[in-house]
Amino acid sequence: MSAPDDTTDRVRRKRMEIFAFLFLTAVVMPVLAVGTVGSYGLGVWIYQMFAGPPGPPPSPH
């Protein structure tokens, strides 16, 4: 009989989809967000080490 196997497969697939959704929303997306913001901040920091801080140049007095 394929009916019980089909039901078991559906339940297993639904569980895996819920697990995948929770894993993506609780682990992958926060890691990507922190990595993106952190790498942008590091890039700005390295750029400012060479180009100087933002703002007008100092007056020549």
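Note that the structure is predicted; figures quoted are calculated from it, not measured.

**Details of the UniProt feature "transmembrane region" (unreviewed entry) in the protein chain**
Here is step 1: Here, the residues flagged by UniProt with the feature "transmembrane region" (unreviewed entry) are residues 21-47.
Here is step 2: As annotated, residues 21-47 has a helix share of 100% and a strand share of 0%, and its two end C-alpha atoms lie 37 Å apart.

**Some words on the environment of Gly 41**
Here is step 1: With respect to the helices and strands, the residue Gly 41 is situated in helix 1 (residues 3-51).
Here is step 2: Classification of Gly 41 by relative accessible area gives partly exposed; the value is 36%.
Here is step 3: Separated by 31 residues in the primary sequence, Gly 41 and Arg 10 have C-alpha atoms spaced 45 Å apart.

**Regarding the pattern of salt bridges**
Here is step 1: Tallied over the full model, the rule gives 2 salt bridges.
Here is step 2: Close ionic contact of Asp 6 with Arg 10 constitutes a salt bridge, the shortest N to O distance being 2.8 Å. With Asp 6 and Arg 10 both in helix 1, this residue pair falls 4 residues apart, about one helical turn.
Here is step 3: Overall, Asp 6 belongs to the partly exposed group, its relative accessible area being 35%.
Here is step 4: Put simply, Arg 12 and Asp 9 hold a salt bridge, and the shortest N to O gap is 3.9 Å. Linking Arg 12 with Asp 9, this pair stays in helix 1, spanning 3 residues, or about one helical turn.

Scoring rules and cut-offs
Residues numbered from 1 in each chain as written. Predicted model: local features only at pLDDT ≥ 70, side-chain atom pairs only at ≥ 80, totals over all residues. Heavy atoms only, no water. UniProt positions renumbered as here; feature names shortened; annotations may be inferred. Helix = DSSP H or I, 4+ residues; strand = E, 2+ residues; numbered from the N terminus. Buried < 20%, exposed > 50% of the residue type's maximum accessible area, 1.4 Å probe, protein only. Salt bridge = Lys/Arg side-chain N within 4 Å of Asp/Glu carboxyl O.

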